[in-house]
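Observations on chain architecture
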Amino acid sequence: MSLVVILGVAVFLALRYMGLRLWQAALCVLFGFYLNQTAAAPEVRRMVSLIVAAISDAS
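Keep in mind that what you see is a predicted model, and the values were worked out from it rather than measured.

Okay, the confidence of the model for the protein next. Across the protein, the average pLDDT comes to 87, with 98% of residues at 70 or higher. Averaged pLDDT values over the elements of the protein bottom out at 86 in helix α1 (residues 3-17) and peak at 90 in helix α3 (residues 41-58).

Both the distance between ring centres and the angle between the ring planes are used here to describe each pair of aromatic rings. Enumeration according to the criterion identifies one aromatic pair in this entry. Relative to Tyr-34, the ring of Phe-33 lies with its centre 5.2 Å away and its plane at 80°, an arrangement referred to as edge-to-face. Judged by relative accessible area, which is 48%, Phe-33 ranks as partly exposed. Residue Tyr-34 is classed as exposed on the basis of its relative accessible area, which comes to 52%.

Next up on the list: a nonpolar patch on the surface. Taken together, the side chains of Val-5, Val-9, Phe-12, Leu-13, Tyr-17 and Met-18 make up a nonpolar region of the molecular surface, amounting to roughly 670 Å² of accessible area. Along the chain, Val-5 turns up in helix α1.

Parameters and conventions
The residue count restarts for each chain, going from 1 along the sequence in the order it is written. Local features in this predicted model are restricted to residues whose pLDDT is 70 or higher, and side-chain atom pairs enter the listing and the counts only when it is 80 or higher, whereas totals over whole chains, interfaces and linings include all residues. Excluding hydrogens and water, the side-chain figures rest on all heavy atoms present in the structure. For every residue, the predictor reports its confidence as pLDDT, a number between 0 and 100. Secondary structure counts use DSSP, requiring at least four H or I residues in a row for a helix and at least two E residues in a row for a strand, with both numbered from the N terminus. Only Phe, Tyr and Trp rings take part, Trp by its six-membered ring, and two of them pair if their centres are within 6.5 Å. Stacked means planes under 30 degrees apart, edge-to-face means over 60, and tilted covers everything else. Burial status follows relative accessibility: with a 1.4 Å probe on protein chains alone, a residue under 20% of its type maximum counts as buried, one over 50% as exposed, and anything between as partly exposed. Every patch collects residues that have over 30% relative accessible area and no salt bridge, joining them within 9 Å if they carry like charges and within 5 Å if they are nonpolar side chains (Val, Leu, Ile, Met, Phe, Trp, Tyr). Where accessible areas are quoted, they stem from the Shrake-Rupley method and a 1.4 Å probe; at the residue level, only the protein chains shown are allowed to cover. One speaks of a salt bridge when a side-chain nitrogen belonging to Lys or Arg is within 4 Å of a carboxyl oxygen belonging to Asp or Glu.

As C-alpha cells, this is what we get:
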C-alpha cells in the first residue's frame, strides 16, 4: 500500500474524529509540497524509507 494513501487516511481520520481543522490539514499539505522542492527533500525521503523498512521488518 502506498505511503500517500496511508497518510491520506490518517489525515481524513484526524479531520473526522480528532478535531483537526481543514486549514490545519491544508497547511500541512502545503508544507509538504514546498518541503519537496527544497534541498532537504532527498534526506526526508531517505529517512521515511528507512522508517517504513524498519516497521515492515518488525512485523
